[in-house]
Amino acid sequence: MIGRIFEIREFTLHDGPGVRTTVFFKGCPLRCAWCHNPEGQSAEIETMVRKGGEKVVCGRDISATELADELATNADIMNESGGGVTFSGGEPLAQAQFLLEVIPLLKARGIRLAIETSGYAPASEYRAVVSQLDFVYQDVKLLDAEAFKRWTGGDLSVVQENISWLRKSGVPYSFRVPLIPGVNDDATSRGAFAAFAAGSKIEYLPYNTAAGSKYPMLGRVYSLEGI
Ligand code: SF4
(Lines give C-alpha, C1' and ligand atoms only; values in the text may rest on other atoms or scores of the structure.)
Protein backbone atom coordinates (compact mmCIF):
# COMPACT_ATOMS: atom_id res chain seq x y z
CA MET A 1 0.00 0.00 0.00
CA ILE A 2 1.11 3.56 -0.66
CA GLY A 3 1.05 6.28 1.98
CA ARG A 4 1.72 9.98 1.84
CA ILE A 5 4.14 11.76 4.18
CA PHE A 6 5.69 15.23 4.18
CA GLU A 7 8.75 14.84 6.38
CA ILE A 8 10.96 12.37 8.18
CA ARG A 9 12.92 14.00 10.98
CA GLU A 10 15.75 12.11 12.63
CA PHE A 11 17.05 12.54 16.18
CA THR A 12 13.97 14.35 17.45
CA LEU A 13 13.87 15.15 21.16
CA HIS A 14 10.32 16.14 22.05
CA ASP A 15 8.35 13.28 20.58
CA GLY A 16 9.09 10.62 23.19
CA PRO A 17 11.97 9.00 25.10
CA GLY A 18 15.45 8.29 23.73
CA VAL A 19 16.68 8.85 20.20
CA ARG A 20 13.69 9.01 17.89
CA THR A 21 12.76 9.39 14.27
CA THR A 22 9.49 11.20 13.66
CA VAL A 23 7.50 10.72 10.47
CA PHE A 24 4.93 13.33 9.52
CA PHE A 25 1.89 12.03 7.67
CA LYS A 26 0.14 14.27 5.18
CA GLY A 27 -3.53 15.02 5.69
CA CYS A 28 -5.67 15.82 8.71
CA PRO A 29 -9.46 15.95 9.13
CA LEU A 30 -9.24 18.88 11.58
CA ARG A 31 -8.38 22.53 10.95
CA CYS A 32 -7.10 23.84 14.27
CA ALA A 33 -6.77 27.61 14.06
CA TRP A 34 -3.31 27.42 15.71
CA CYS A 35 -1.92 24.54 13.62
CA HIS A 36 1.80 25.13 13.14
CA ASN A 37 2.11 22.48 10.43
CA PRO A 38 -0.46 23.74 7.91
CA GLU A 39 1.32 21.81 5.17
CA GLY A 40 0.17 18.69 7.02
CA GLN A 41 -3.53 19.50 6.76
CA SER A 42 -4.33 18.86 3.12
CA ALA A 43 -3.90 15.32 1.85
CA GLU A 44 -2.84 16.77 -1.51
CA ILE A 45 0.77 17.38 -2.50
CA GLU A 46 1.42 21.13 -2.23
CA THR A 47 4.17 23.58 -3.04
CA MET A 48 5.39 26.03 -0.43
CA VAL A 49 7.12 29.17 -1.67
CA ARG A 50 9.73 30.44 0.76
CA LYS A 51 10.83 34.04 1.04
CA GLY A 52 13.15 34.62 -1.89
CA GLY A 53 11.03 32.43 -4.14
CA GLU A 54 12.48 28.99 -3.35
CA LYS A 55 9.84 26.34 -3.95
CA VAL A 56 9.50 23.33 -1.69
CA VAL A 57 7.25 20.42 -2.57
CA CYS A 58 5.35 19.15 0.48
CA GLY A 59 4.29 15.56 0.31
CA ARG A 60 5.63 12.39 -1.23
CA ASP A 61 4.19 8.97 -1.80
CA ILE A 62 5.96 6.00 -0.32
CA SER A 63 5.26 2.29 0.07
CA ALA A 64 5.02 0.64 3.47
CA THR A 65 8.27 -1.28 2.96
CA GLU A 66 10.15 1.78 1.71
CA LEU A 67 8.97 3.79 4.70
CA ALA A 68 9.88 1.03 7.16
CA ASP A 69 13.35 0.76 5.59
CA GLU A 70 13.87 4.51 5.80
CA LEU A 71 12.65 4.72 9.40
CA ALA A 72 14.83 1.78 10.43
CA THR A 73 18.04 3.50 9.29
CA ASN A 74 18.95 4.32 12.90
CA ALA A 75 17.32 1.25 14.44
CA ASP A 76 20.37 0.30 16.54
CA ILE A 77 20.81 3.78 18.01
CA MET A 78 17.08 4.11 18.63
CA ASN A 79 16.79 0.73 20.30
CA GLU A 80 19.90 1.17 22.49
CA SER A 81 18.72 4.58 23.72
CA GLY A 82 15.22 3.40 24.56
CA GLY A 83 13.90 5.47 21.68
CA GLY A 84 12.00 4.56 18.56
CA VAL A 85 9.76 5.91 15.85
CA THR A 86 6.98 8.46 16.41
CA PHE A 87 4.08 8.79 13.97
CA SER A 88 2.99 12.41 13.68
CA GLY A 89 1.49 14.75 11.13
CA GLY A 90 -0.97 15.96 10.04
CA GLU A 91 -3.01 13.17 11.54
CA PRO A 92 -1.35 9.76 11.17
CA LEU A 93 -4.64 7.97 11.83
CA ALA A 94 -6.07 9.50 8.66
CA GLN A 95 -3.92 6.82 6.96
CA ALA A 96 -4.75 4.04 9.40
CA GLN A 97 -4.71 1.22 6.83
CA PHE A 98 -1.25 2.26 5.69
CA LEU A 99 -0.05 2.46 9.31
CA LEU A 100 -1.34 -1.04 9.90
CA GLU A 101 1.03 -2.21 7.17
CA VAL A 102 4.02 -0.22 8.41
CA ILE A 103 3.70 -1.14 12.10
CA PRO A 104 4.51 -4.87 11.83
CA LEU A 105 7.48 -4.13 9.58
CA LEU A 106 8.98 -1.86 12.24
CA LYS A 107 8.10 -4.13 15.12
CA ALA A 108 9.87 -7.00 13.35
CA ARG A 109 13.05 -4.92 13.72
CA GLY A 110 12.46 -4.38 17.43
CA ILE A 111 11.60 -0.70 17.04
CA ARG A 112 9.32 0.80 19.68
CA LEU A 113 6.48 2.92 18.35
CA ALA A 114 4.67 6.02 19.53
CA ILE A 115 2.00 8.24 17.99
CA GLU A 116 1.03 11.88 18.32
CA THR A 117 -2.66 12.07 17.53
CA SER A 118 -5.64 14.34 17.77
CA GLY A 119 -7.72 11.22 18.29
CA TYR A 120 -9.96 12.36 15.45
CA ALA A 121 -10.51 9.02 13.73
CA PRO A 122 -13.15 6.31 13.54
CA ALA A 123 -13.10 4.25 16.75
CA SER A 124 -12.33 1.00 14.92
CA GLU A 125 -9.23 2.50 13.27
CA TYR A 126 -8.08 4.25 16.44
CA ARG A 127 -8.28 0.99 18.38
CA ALA A 128 -6.67 -1.14 15.68
CA VAL A 129 -3.62 1.12 15.48
CA VAL A 130 -3.23 2.29 19.07
CA SER A 131 -3.49 -1.21 20.54
CA GLN A 132 -0.24 -2.06 18.75
CA LEU A 133 1.80 0.90 19.95
CA ASP A 134 4.11 1.41 22.90
CA PHE A 135 3.04 4.96 23.71
CA VAL A 136 0.36 7.48 22.77
CA TYR A 137 0.53 11.26 22.96
CA GLN A 138 -3.15 12.07 22.92
CA ASP A 139 -4.10 15.68 22.23
CA VAL A 140 -6.65 17.34 24.47
CA LYS A 141 -7.38 20.65 22.81
CA LEU A 142 -10.70 21.80 24.22
CA LEU A 143 -13.29 20.17 26.46
CA ASP A 144 -16.36 22.06 25.30
CA ALA A 145 -18.08 20.71 22.19
CA GLU A 146 -19.03 24.13 20.83
CA ALA A 147 -15.55 25.55 21.33
CA PHE A 148 -14.00 22.43 19.81
CA LYS A 149 -16.19 22.84 16.73
CA ARG A 150 -15.40 26.53 16.46
CA TRP A 151 -11.60 26.22 16.78
CA THR A 152 -10.91 22.86 15.10
CA GLY A 153 -13.94 22.24 12.89
CA GLY A 154 -14.49 18.82 14.46
CA ASP A 155 -16.99 16.90 16.55
CA LEU A 156 -15.63 16.50 20.09
CA SER A 157 -17.56 13.28 20.73
CA VAL A 158 -15.33 11.44 18.24
CA VAL A 159 -12.25 12.26 20.32
CA GLN A 160 -14.01 11.62 23.62
CA GLU A 161 -15.03 8.12 22.58
CA ASN A 162 -11.45 7.28 21.64
CA ILE A 163 -10.07 8.73 24.85
CA SER A 164 -12.54 6.70 26.91
CA TRP A 165 -11.23 3.58 25.23
CA LEU A 166 -7.60 4.67 25.62
CA ARG A 167 -7.96 5.12 29.36
CA LYS A 168 -8.99 1.47 29.71
CA SER A 169 -6.77 0.03 27.00
CA GLY A 170 -3.61 -0.59 29.00
CA VAL A 171 -1.56 1.26 26.35
CA PRO A 172 0.70 3.83 28.08
CA TYR A 173 -0.29 7.37 27.21
CA SER A 174 0.02 11.01 28.08
CA PHE A 175 -2.43 13.77 27.36
CA ARG A 176 -1.01 16.81 25.61
CA VAL A 177 -2.63 20.21 25.75
CA PRO A 178 -1.46 22.90 23.33
CA LEU A 179 -2.00 26.10 25.28
CA ILE A 180 -3.38 28.78 23.00
CA PRO A 181 -3.67 32.35 24.34
CA GLY A 182 -7.28 33.50 24.39
CA VAL A 183 -8.57 30.03 23.53
CA ASN A 184 -7.75 27.56 26.31
CA ASP A 185 -5.00 28.96 28.56
CA ASP A 186 -7.15 30.64 31.23
CA ALA A 187 -7.29 29.36 34.82
CA THR A 188 -10.74 27.81 34.36
CA SER A 189 -9.65 25.84 31.32
CA ARG A 190 -6.46 24.65 33.04
CA GLY A 191 -8.46 23.50 36.03
CA ALA A 192 -10.81 21.63 33.69
CA PHE A 193 -7.87 19.94 31.93
CA ALA A 194 -6.38 18.80 35.22
CA ALA A 195 -9.75 17.41 36.33
CA PHE A 196 -10.18 15.70 32.96
CA ALA A 197 -6.78 14.02 33.25
CA ALA A 198 -7.97 12.52 36.54
CA GLY A 199 -4.52 11.34 37.55
CA SER A 200 -3.30 10.43 34.05
CA LYS A 201 -0.12 12.07 32.83
CA ILE A 202 -0.79 15.45 31.21
CA GLU A 203 1.65 17.83 29.54
CA TYR A 204 1.03 21.43 28.60
CA LEU A 205 2.70 22.65 25.45
CA PRO A 206 3.45 26.38 25.28
CA TYR A 207 2.07 28.29 22.30
CA ASN A 208 4.42 28.21 19.34
CA THR A 209 4.91 31.88 18.51
CA ALA A 210 6.13 30.89 15.04
CA ALA A 211 2.93 28.90 14.41
CA GLY A 212 1.78 31.22 11.64
CA SER A 213 5.04 31.39 9.72
CA LYS A 214 4.25 28.76 7.08
CA TYR A 215 0.79 30.04 6.08
CA PRO A 216 1.96 32.77 3.69
CA MET A 217 4.27 30.22 2.02
CA LEU A 218 1.13 28.23 1.17
CA GLY A 219 -0.79 31.33 0.05
CA ARG A 220 -2.93 31.15 3.19
CA VAL A 221 -3.72 33.56 6.00
CA TYR A 222 -3.02 32.66 9.65
CA SER A 223 -6.21 33.59 11.49
CA LEU A 224 -4.52 33.90 14.91
CA GLU A 225 -1.87 36.37 13.72
CA GLY A 226 -0.71 38.62 16.53
CA ILE A 227 -1.77 36.60 19.58
S1 SF4 B 1 -4.97 18.10 14.57
FE2 SF4 B 1 -2.83 18.73 14.47
S3 SF4 B 1 -2.28 18.63 12.29
FE4 SF4 B 1 -4.52 18.60 12.41
S5 SF4 B 1 -5.11 20.73 12.16
FE6 SF4 B 1 -4.96 20.32 14.37
S7 SF4 B 1 -2.89 20.93 14.95
FE8 SF4 B 1 -2.92 20.72 12.69
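Residues numbered from 1 in each chain as written. Predicted model: local features only at pLDDT ≥ 70, side-chain atom pairs only at ≥ 80, totals over all residues.

> Tell me about the site of the ligand, and please be specific about residues and values.
Neighbouring residues of the ligand: C28, L30, R31, C32, C35, N37, G40, Q41, G89, G90, E91 and S118. Of the residues belonging to the shell around the ligand, the class tally is four nonpolar, six polar and two charged. (Near = placed C-beta within 6 Å. Nonpolar A, V, L, I, M, F, W, Y, C, P; charged D, E, K, R; others polar.)

> Talk me through the sheet that holds strand β10 (residues 202-205); I want residue IDs and the actual numbers.
Sheet architecture is open: eight strands sit in the order β5-β1-β2-β6-β7-β8-β9-β10, paired in mixed fashion. Two strands in the sheet have a free side with no partner beyond their single neighbour: β5 (60-63) and β10. Averaged over all pairs of adjacent strands, the angle between their axes in this sheet comes to 30 degrees, without regard to strand direction. Two strands pair when backbone bridges link them, and strand β1 (residues 2-12) and β5 are joined in this way by four bridges, in the antiparallel orientation. Residue I5 lies in a different strand from β5, and its bridge partner there is R60. (Pairing = 2+ DSSP bridges. Helix = DSSP H or I, 4+ residues; strand = E, 2+ residues; numbered from the N terminus. Axes fitted to C-alpha atoms, helices over the stretch in contact; angles between N-to-C directions.)

> Can you tell me about the packing of helix α4 (residues 123-130) against helix α6 (residues 156-169), naming the residues and giving the values?
If you want to describe how two helices pack, look at the angle between their axes and the distance between the axes. Close contact between α4 and α6 brings their axes to 10 Å; oriented N to C, the two are set at 30 degrees. On the basis of their axis angle, the class for α4 and α6 is roughly parallel. The two elements α4 and α6 cross, and the hand of that crossing is right-handed. Residues A123, Y126, R127 and V130 of α4 touch α6, and the partners they reach there are E161, N162, W165, L166 and S169. The residue inventory of the contact of α4 with α6, partitioned by class, reads five nonpolar, two polar and two charged. (Parallel < 35°, antiparallel > 145°, perpendicular 65-115°, else oblique. Left-handed = near helix turned anticlockwise from the far one by under 90°. Contact = placed C-beta atoms within 7 Å.)

> Before we move on, can you summarise the nonpolar core with the specific residues and values?
One recurring pattern in soluble globular proteins: nonpolar side chains tend to sit buried together. The biggest cluster of nonpolar side chains holds 46 residues, and the ones touching the most others in it are V102, L106 and V136. The greatest single-element share of this core, amounting to five residues, is contributed by helix α3 (residues 96-107). Beyond its immediate chain neighbours, meaning those up to four positions away, L106 contacts A68, L71, A72, V85, I111 and L113. (Core = buried A, V, L, I, M, F, W, Y, C linked by C-beta atoms within 7 Å. Buried ≥ 20, exposed ≤ 12 C-beta atoms within 10 Å, placed from the backbone.)

> Explain the environment of T209 to me, using residue names and the numbers behind them.
Considering the arrangement of structural elements, one finds T209 in the segment after β10. For T209, a count of 10 C-beta atoms within 10 Å gives the class exposed. For T209 and A194, which are 15 residues apart along the polypeptide, the C-alpha to C-alpha distance reads 24 Å.

> I'd like a description of the packing of α3 against α4, backed by residues and values.
Close contact between α3 and α4 brings their axes to 10 Å; oriented N to C, the two are set at 15 degrees. By the angle between their axes, α3 is roughly parallel relative to α4. In the crossing of α3 with α4, the sense of the turn from one axis to the other is left-handed. Facing A96, L99 and L100 of α3, the residues of α4 in contact are E125, A128 and V129. When the residues that make up the contact of α3 with α4 are grouped by side-chain class, the tally is five nonpolar, no polar and one charged.

> Describe unusual backbone geometry, naming the residues involved and giving the relevant values.
Backbone torsion omega between G89 and G90 reads 15 degrees, so that peptide bond is classified as cis. If you trace the backbone, G90 turns up in the loop between β6 (84-89) and α3. Even without a glycine there, the phi angle at F11 is positive, about 55 degrees. Along the polypeptide, F11 turns up in strand β1. F11 gets classed as exposed once you count the C-beta atoms within 10 Å, which come to 12. The phi dihedral of A198 is positive, around 50 degrees, even though this residue is not glycine. If you trace the backbone, A198 turns up in the loop between α7 (187-197) and β10.

> Quick rundown of the pairing of strand β3 (residues 46-49)? Include the residues and the values.
One face of the sheet, then the other: side chains in a regular strand alternate in exactly this way. In terms of strand pairing, β3 meets strand β4 (residues 55-58) through four bridges, oriented antiparallel. Residue V49 lies in a different strand from β4, and its bridge partner there is K55. The hairpin turn running from β3 into β4, its antiparallel successor, is five residues long, and G52 in that turn takes a positive phi close to 95 degrees.

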